[in-house]
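So you can see what is in the structure, the chains are spelled out below.
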Amino acid sequence: MLNLNLEELQQHPTPFYAYDLNLLRQTLQAAKQEAGKYNFYVHYALKANANEPVLDEMRRHGFGADCVSGNEIKAAIVNGFAPEQVVFAGVGKSDDEINYALDQDIFCFNCESGHELEVLNELAGKKGKIARIALRINPNVNANTHKYITTGLEENKFGINAWELEQVLAQLQQLEHINLIGIHFHIGSQITDLSVFRNLCTRVNEFQEWFASRNVSLQHINVGGGLGVDYYHPEQQPVPDFEAYFGLFDQFLEVRPGQEVHFELGRALVAQCGTLISKVLYIKNGQNTNFAILDAGMTELIRPALYQSYHKIENLSSGRGEVRYDVVGPICESSDCFGKAVLLPETKRGDLIAIRTAGAYGEVMSSAYNLRDKAKAIYMP
Ligand code: LLP
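Definitions and limits used
- Residues numbered from 1 in each chain as written.
- Predicted model: local features only at pLDDT ≥ 70, side-chain atom pairs only at ≥ 80, totals over all residues.
- Heavy atoms only, no water.
- Domains from an automatic or database assignment.
- Contact = heavy atoms within 4.5 Å.
- Buried area = accessible area lost by both parts, 1.4 Å probe.
- Salt bridge = Lys/Arg side-chain N within 4 Å of Asp/Glu carboxyl O.
- Near = heavy atom within 4 Å.
- Polar contact = N/O pair within 3.5 Å; in protein donor to acceptor, adjacent residues only side chain to side chain.
- Nonpolar A, V, L, I, M, F, W, Y, C, P; charged D, E, K, R; others polar.
- Disulfide = S-S within 2.5 Å.
- Buried < 20%, exposed > 50% of the residue type's maximum accessible area, 1.4 Å probe, protein only.
- Helix = DSSP H or I, 4+ residues; strand = E, 2+ residues; numbered from the N terminus.

Caption draft 1: View of the domain arrangement of the chain. Each domain of the chain was delimited in the assignment, giving domain 1 (6-13 + 272-380) and domain 2 (21-270). With centres defined by C-alpha atoms, the gap from domain 1 to domain 2 works out at 33 Å. Across the contact, 20 residues belong to domain 1 and 24 residues belong to domain 2. Ranking the residues of domain 1 by area buried against domain 2 places Gln272, Tyr361 and Tyr379 at the top, with a combined share of 32%. There are one salt bridge connecting domain 1 and domain 2.

Caption draft 2: Representation of the site of the ligand. Taken together, 18 residues sit near the ligand, with Ser189, Glu264, Arg303, Tyr307 and Tyr361 positioned nearest. In the model, a nitrogen atom of the ligand is placed 3.4 Å from a nitrogen or oxygen of the Asp66 side chain. Contact distances for the ligand include 2.4 Å between an oxygen atom and a side-chain N or O atom of Ser189. Here the shell around the ligand is built from residues that sort into six nonpolar, six polar and six charged. Each of domain 1 (6-13 + 272-380) and domain 2 (21-270) accounts for three or more of the residues forming the shell around the ligand.

Caption draft 3: Representation of the state of the cysteines. Summed over the entire model, instances satisfying the criterion amount to zero disulfides. We note that Cys273 lacks a disulfide partner, and the nearest cysteine sulfur, in Cys67, lies 18 Å from it. Cys337 supplies the cysteine sulfur nearest to Cys332, a cysteine that is in no disulfide, at a spacing of 15 Å. The exposed category is assigned to Cys332, whose relative accessible area is 65%.

Caption draft 4: Spatial organisation of unusual backbone geometry. With an omega of -10°, the peptide bond between Thr14 and Pro15 qualifies as cis. Position of Pro15 among the secondary structure elements: in the loop between α1 (6-9) and β1 (16-20). Unusually for a residue other than glycine, Thr357 sits at a positive phi of about 55°. Within the secondary structure layout, Thr357 lies in the loop between β16 (352-355) and β17 (376-380).

Caption draft 5: Focus on helix α5 (residues 95-104). For α5, the complete set of buried residues consists of Glu97, Ile98, Asn99, Tyr100, Ala101 and Leu102. The inward-facing, buried residues of α5 abut α4 (70-78), β4 (86-88), β5 (108-111), α6 (114-126) and β6 (131-138). Note on α5: the residue one or two positions beyond its end, Asp105, has a positive phi of about 55°.

Dropping the structure here:
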């Protein structure tokens, strides 16, 4: 259960992010326990939230780090993750980023194209190193989620397509500074229909067969992340159903002897522990609509503007009446709207508003548009 103490929240200038570290720990404990049943290895996807106290909890709970930039690798290492716990993904790794990762001797590069393999081979060669890699394969599985966060279809830019694999395998035999140790998949994010992961398992099993028939042995299978959370009822299910999620992979993934299974979870680990707290600046009555104008906007949380995503909105200060408001921010864009016709208690200037389930892809995606100050973060122990 999220711990939001109004008196404590009132002490801080708005807008700000409030993180409940207790809920974070409960979530990590549950994930660790369920993954541990099958010796599954979980890398935390730093892109969801890279704040130090969050990284600290991840490290303490024994998770590895899934990074998509040189700076994320740096953040992981500075915060105590061992290089052999770091994987580096991304469709456009720059030479500087690759060189940095090589210098750190990270566990694995998740490679997304033949061209990238060539460049990695060359850069590793210059350093006299051998880079461990997993091939990111595009399994053409529909994640049934928002099109902007679907990644595993052939029309997406991510991964190597099935028909390219033969050629890539031939290419790999020529690349002396690359060691293929695994295959990697990630089909999308905010996936709430678990049957999608079952389809992924079926495809992964087929790819495993394909590699085995060519006598290529793989030390690990990385199935990516994507487990969704309940944005509509954050109170009912603050901790995602990791039992069902990991259990499904145990049931349907055909793991070969000695092989490790890796995951890259972001959202499911951190979404529910973060809340964006904002103050009502003005109430404006329109013809058909009332507007509650907040001091937080799309600069602090862009998800509703970018993906039309739903976040539960609550008035923490007032409990009287029920009125519908369009809850909007101060930014000069019509898309700067957190929710339309939201039913709230009668709301007035100065009320504190909580925008829930904002711990993942909230603060990390904030911007300085309109030269806004960066919102602070507070942590409830
Ligand atoms: N692995 C890879 C290769 C990824 O691209 C991602 C997310 C993850 C793991 C972690 O996925 P998660 O477990 O968090 O679903 N900004 C969007 C989400 C973008 C996800 C990008 N990739 C949002 O706010 O919904």
